[in-house]
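Understanding the architecture of this molecule
The residues making up each chain are set out below.
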Amino acid sequence: FCERFAGIRGKTRHKSIYGVMRAVTEMAKVLLADDEEAIRLMLGRQLRRAGHEVTLAEDGVAAVEHLGQAEFDVVVSDMKMPRLDGMGLLARAREIAPDIEFIILTGHGNMENAVEAFKTGNVFDYLLKPLEDIHELDAVVARAVEHRQLRTDNRRMVAELKQQLSELEEARLTLLTMAERDG
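None of these values were measured; they are calculated from a predicted model.

Regarding the sheet that holds strand β5 (residues 74-78)
Strand order across the open sheet formed by 5 strands is β4-β3-β5-β6-β7, with parallel pairing between neighbours. Because the sheet does not close on itself, it has two edges, and the strands there are β4 (53-57) and β7 (123-128). The sheet shows a mean angle of 20° between the axes of neighbouring strands, direction not considered. Inspection of the sheet shows strand β6 (residues 101-106) paired to β7 by 5 bridges, in the parallel sense. Within β7, the residue paired with I104 across the bridge is Y126. Packed onto the sheet, helix α6 (residues 135-182) meets β3 (29-33), β5, β6 and β7 and runs at close to 175° relative to β7.

Overview of the environment of R48
Position of R48 among the secondary structure elements: in helix α2 (residues 37-49). Beyond its immediate sequence surroundings of up to four residues, R48 is in contact with V54 and L56. A distance of 3.1 Å separates a polar atom in the side chain of R48 from the backbone oxygen of V54.

Considerations on the packing of α2 against α6
Closest axis-to-axis distance for the α2/α6 pair is 10 Å, and the angle between their directions is 60°. As far as their axial angle goes, α6 and α2 are oblique. The two elements α2 and α6 cross, and the hand of that crossing is right-handed. Judged by residue contacts, L43, Q46 and L47 of α2 engage H135, L137, D138 and V141 from α6. Residues of the contact of α2 with α6, tallied by class, amount to 4 nonpolar, 2 polar and 1 charged.

Cut-offs applied
Residue numbers restart at each chain and count upward from 1, following the sequence in its written direction. Totals for whole chains, interfaces and linings use every residue, but because this is a predicted model, local features are given only for residues with pLDDT of at least 70 and side-chain atom pairs only at 80 or more, for both listing and counting. Note that water and hydrogens are dropped before the side-chain values are worked out from all heavy atoms of the structure. Two strands are counted as paired when DSSP detects at least two bridges linking them. Runs of H or I in DSSP of at least four residues are treated as helices and runs of E of at least two as strands, each being numbered from the N terminus. For helices, the fitted axis covers only the stretch in contact; all axes are lines through C-alpha atoms, and the angles between them, taken along N-to-C directions, range from 0 to 180 degrees. Contacts are assigned to residue pairs with any non-hydrogen atoms lying within 4.5 Å of each other. Between N or O atoms, a polar contact is any pair within 3.5 Å; within protein, one atom must be a potential hydrogen donor and the other a potential acceptor, and residues adjacent in sequence are included only when both atoms are from side chains. For classification, angles of less than 35 degrees are called roughly parallel, those exceeding 145 degrees roughly antiparallel, those between 65 and 115 degrees roughly perpendicular, and all remaining angles oblique. Here is the rule for handedness: rotate from the far helix to the near one, and if that takes an anticlockwise turn smaller than a right angle the crossing is left-handed, while a clockwise turn gives right-handed. Gly is placed with the polar residues, together with every amino acid not listed as nonpolar (Ala, Val, Leu, Ile, Met, Phe, Trp, Tyr, Cys and Pro) or charged (Asp, Glu, Lys and Arg).

What follows is the structure, given as structure tokens:
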């Protein structure tokens, strides 16, 4: 049963813990950009433990290169980095992959940075380093993945509704034409 659901992207899969079946969120492709190597490696390891596929980037320029080469669900980015900072990466990510969820993680946080980041759009959350609990990042990434999936599902359903409305309008016009012809 569990094997049947493994590897189905964007769906819920089931995992047995202590003999009890429970649903867990499908894992994400995460791009993690931080210029501090120790933090980058530690956060990457944590996200991998949570089951995510993680790509590491040492700064914003490297992250942009990765964004051009692969599709990601979530970007987790430090705010202050050499060559291209988190705000610059956010702007480029919005151009390259507008549907990507973006989480800013910084030790240089203040309310002005947070407000500026949220105004630019596509920022799902803003976390301050050091994290009091590293599992907080797992939870935020899981919520970001769920948010992205909900947006995708919403777009799909809107498109389906538009198609159905178009088909209904076509049927209405056909019936109207038939009624006029048959008098």
